[in-house]
Amino acid sequence: ELSHGAKEYSEVTVMEGKKYLRVMQPLYMEQGCMKCHAWTRLKVGDLRGATDVAIPLEKYEIIAHDNTKKLILIHLVLWLIGMLSIYFFGRKLIDSERNNKASLEELSMRTQALDQSGSAIMITDTQGTIEYANEAFLQLNGFKLDEVLGRKPVIIKSHLNPPSFYKEMWATISEGKTWKGEFKNRKKNGSIYWCHETISPITDSNGVLTHYIAFIEDIEERKAAEAHIKQLAQFDALTNLPNRRYFHQKLEEQIIQAQKKGKLFGLIYVDLDRFKMVNDSLGHTIGDSLLITLAERLMHMNHTPAFVTRLGGDEFAIITELGDTKEDVELCADAIQQTIKQPFFIENNDLFITASIGIALYPKNGDHSEALIKSADLAMYGAKINGKNRYLFFEPIHGDFASETLLIENGLRKAIDNNELFLVYQPKWNTKENRFIGLEVLVRWQSPTLGFMPPSRFIKIAEETDLIINLGEWILKEAIIKMMEISKIIGFIPKISVNLSPIQFRHENLNSMIKDTLLQTNFPANKLELEITEGALVQDPAMAIEKMNELYAYGVTFSIDDFGTGYSSMSYLKKFPVSTLKIDKSFVDEIIDDPHDRAIVQAIITLAASFKIDTIAEGAETREQVDILSTLGCHAIQGYWHSRPIDYSALVEYFKNLEK
Ligand code: C2E
Ligand code: CA
Ligand code: CA
């Protein structure tokens, strides 16, 4: 290139493995050169050579390389930051898009579930303003959506629930807890219904309370069924007055009130004179009308008594209001007599009726219901034999119950130690599967001085004197010992039901006594059932639930004795771990002849089944009763039809016969 006239030539060459930059410039002949280089025969201006400079490139290459690297690196970092930002922001965008979509989907799914739920649902903000209500809610309460949104739940408030009830509800939910309860609501058209409501707080992801959600279940039908049972079980079908069962309950309550307030009251027994004659001569229809009219009159006397009841037939009982003197009671007795004296005009017959009236005063003539009833009954009998048409206060000549009570109490104190008590066992039987279910343990007392004492006489006294605590413990232990003993003969441990008096149930050591007894005897807890009455549960339900749950967790089961005679509230019973209801003997007695009693039994069985609670009928004595019970759906029987209560040796025989 130089020979062709280029002024400089450069190239990068590799020499001995290293890079060099070679720069060459031409050398031309000049006049001064001729002195020494004439021998080359070159003329002035001819190209005679070149200068060649080789610059090692290694050093520069490193620097250059570093720079590029730095440049590349900076670019790369910037690029990466860019890409990452794009990636992250992109991701975020996609995610939130996705989340939005998912939560929207979820939300719509949930809303749909709420919308379509059969339970009425409403959602309010923390101030109670309704933000959402589903179709079931609108249907139940008869509102349109726009009549509900933005309003407060007061629109369905019935104003029939006690204020304390709302207090408790708010206290619970404002603490962030779920509240459940049964109460009355009002529909748009004003009608009232019972509902079961569950209110739960809703919090956001930070745990801050934002809303309340309420599920409302209409339990009107169930409440109606319960009320129906109560009405049937507690009221007389002919006169609509409270019946004997209700009367006993009321009398106990009045005694407690009188005791608390230091007051007295009267129990007045009324028995119509010659009523049989009316019935026989004029017929039952007129007799019934007379009873109905009399019931109405007694309910609307000037001296309104606390409680008027028809005990049966032509017998009525009246409990007077709490008072301070005997005269208060006398006024009521006068009023009763005047009322009965007024002629009855029935189907064109003028009827004149008189009555024999006996009065017992609490606490003077008896400090517990049985004594009081007996006193009133005896006084009435006294009035009858003293010429009828009069009232008579109880006098000691009519009988002395206080001293009998004392004798029983004293005798009972020694009965356990003296081996005067023993147990009998009544088998429970499944009529559908022909199978033994278990045994009810019943106590017996053979007193050397008082003779044979039935438990109906001495259990009450044992309860009043707290002797029942020791007695109850003895019964449980004795029953278990006997069952362990018999298991060696028959090869299995029979399930037993032991009666628990309300006094025992309330006693603080009950659970530990039972647990200790089971541990000491090795008796399996699931072979023990305890029979308690509803009355034992209502006094302190919280305590009852706690006690029962503890034993239930241990394996012990519970049945409700004499069911139907007390409160008969299934929704109430649901709170307690109850396995079986024992339908009271008084219903079974009349199940053939009295359609009302049959209806009660049917209602109890149906309702119990819906709560998955078993039923057993007490006191079934005949084949017909057993058959009807079976038709109604109750296949568990305890009564003379299958077996009377039997003692230990008879029980051994019973099991031997079962095997055959
Ligand atoms: P309950 O717990 O309702 O016991 C059932 C009662 O009905 C028993 O009377 C039993 O003998 C009787 N019974 C069973 N089947 C029939 C039948 O087909 N016809 C008839 N007429 N009666 C039948 P009992 O043994 O006289 O007991 C009466 C009540 O005394 C018991 O009623 C219970 O409240 C109390 N009691 C009995 N034993 C004990 C006990 O060990 N502890 C406690 N706390 N109370 C007891
Ligand atoms: Ca019982
Ligand atoms: Ca019973």
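For the structure itself, consult the block above.
Since the model is a prediction, treat every value here as computed from it, not as a measurement. (Residues numbered from 1 in each chain as written. Chains lettered and ligands numbered in written order. Predicted model: local features only at pLDDT ≥ 70, side-chain atom pairs only at ≥ 80, totals over all residues. Heavy atoms only, no water.)

(A) Seen up close, the side chain of Ser-356. Of note, Ser-356 is situated in strand S14 (residues 355–362). Engagement of the side chain of Ser-356 in a polar contact is seen with the side chain of Asp-273, the distance being 2.7 Å. (Helix = DSSP H or I, 4+ residues; strand = E, 2+ residues; numbered from the N terminus. Polar contact = N/O pair within 3.5 Å; in protein donor to acceptor, adjacent residues only side chain to side chain.)

(B) Region of the structure containing the coordination of the calcium ion (ligand 2). Here the calcium ion (ligand 2) is held by the protein donor atoms Glu-440 (OE), Asn-499 (OD1), Glu-531 (OE) and Asp-561 (OD), which lie 2.1 to 2.4 Å from it. Sequence spacing among the residues donating to the calcium ion (ligand 2) works out to E-x58-N-x31-E-x29-D. A separation of 4.1 Å is found between the calcium ion (ligand 2) and the calcium ion (ligand 3), which are bridged by Asp-561. Of this pair, Glu-440 sits in strand S17 (residues 435–447) while Asn-499 sits in strand S19 (residues 496–499), placing them 59 residues apart in sequence. (Donors = N, O, S within 2.8 Å, 3.2 Å for Na, K, Ca; no water.)

(C) Up close: the sheet that holds strand S5 (residues 130–133). If you walk across this open sheet you meet the five strands as S5-S4-S8-S7-S6, and the pairing is antiparallel. Across the chains shown, the open sheet's two edge strands, defined by having one partner strand only, are S5 and strand S6 (179–186). Going across the sheet, the axis of each strand differs from the next one's by a mean of 30 degrees, ignoring polarity. Pairing between S6 and strand S7 (residues 192–203): eight bridges, direction antiparallel. Bridged to Asn-185 within S7 is Tyr-193. Its contacts with the sheet put helix H4 (residues 163–174) on S6, S7 and strand S8 (209–218), and the angle it makes with S6 is roughly 135 degrees. Contacts from helix H5 (residues 220–234) reach S6, S7 and S8, with the element oriented near 135 degrees to S7. (Pairing = 2+ DSSP bridges. Axes fitted to C-alpha atoms, helices over the stretch in contact; angles between N-to-C directions. Contact = heavy atoms within 4.5 Å.)

(D) Here's a closer look at the coordination of the calcium ion (ligand 3). Distances from the calcium ion (ligand 3) to its protein donors, Asp-561 (OD), Asp-562 (OD), Glu-618 (OE) and Glu-618 (OE), fall within 2.1 to 2.5 Å. Going along the chain, you hit the donors of the calcium ion (ligand 3) in the pattern D-D-x55-E. Residue Asp-562 is classed as partly exposed on the basis of its relative accessible area, which comes to 27%. (Buried < 20%, exposed > 50% of the residue type's maximum accessible area, 1.4 Å probe, protein only.)

(E) Broad picture of the pattern of salt bridges. This structure, assessed with the given rule, holds 22 salt bridges. Between Lys-460 and Glu-252 there is a salt bridge, with its nearest N and O atoms 3.7 Å apart. Within this pair, whereas Lys-460 is found in helix H12 (residues 455–464), its partner Glu-252 is found in helix H6 (residues 244–261), the two being separated by 208 residues in sequence. Here Glu-252 falls in the partly exposed class, since its relative accessible area comes to 33%. (Salt bridge = Lys/Arg side-chain N within 4 Å of Asp/Glu carboxyl O.)

(F) Quick peek at the nonpolar core. In terms of nonpolar packing, the biggest core is built from 84 residues, with Ile-496, Leu-528 and Leu-581 touching the most fellow members. Here this core gets 11 residues from one element, more than from any other, and that element is helix H13 (residues 467–490). Discounting residues that sit within four places of it in the chain, Leu-581 has contacts with Ile-560, Phe-563, Met-570, Leu-573, Ile-604, Ala-608, Ile-613, Asp-614, Thr-615 and Ile-616. Counting 33 residues, the second-largest nonpolar core is a separate cluster that includes Phe-316, Ile-318, Ile-346 and Ile-357. (Core = buried A, V, L, I, M, F, W, Y, C linked by side-chain atoms within 4.5 Å.)

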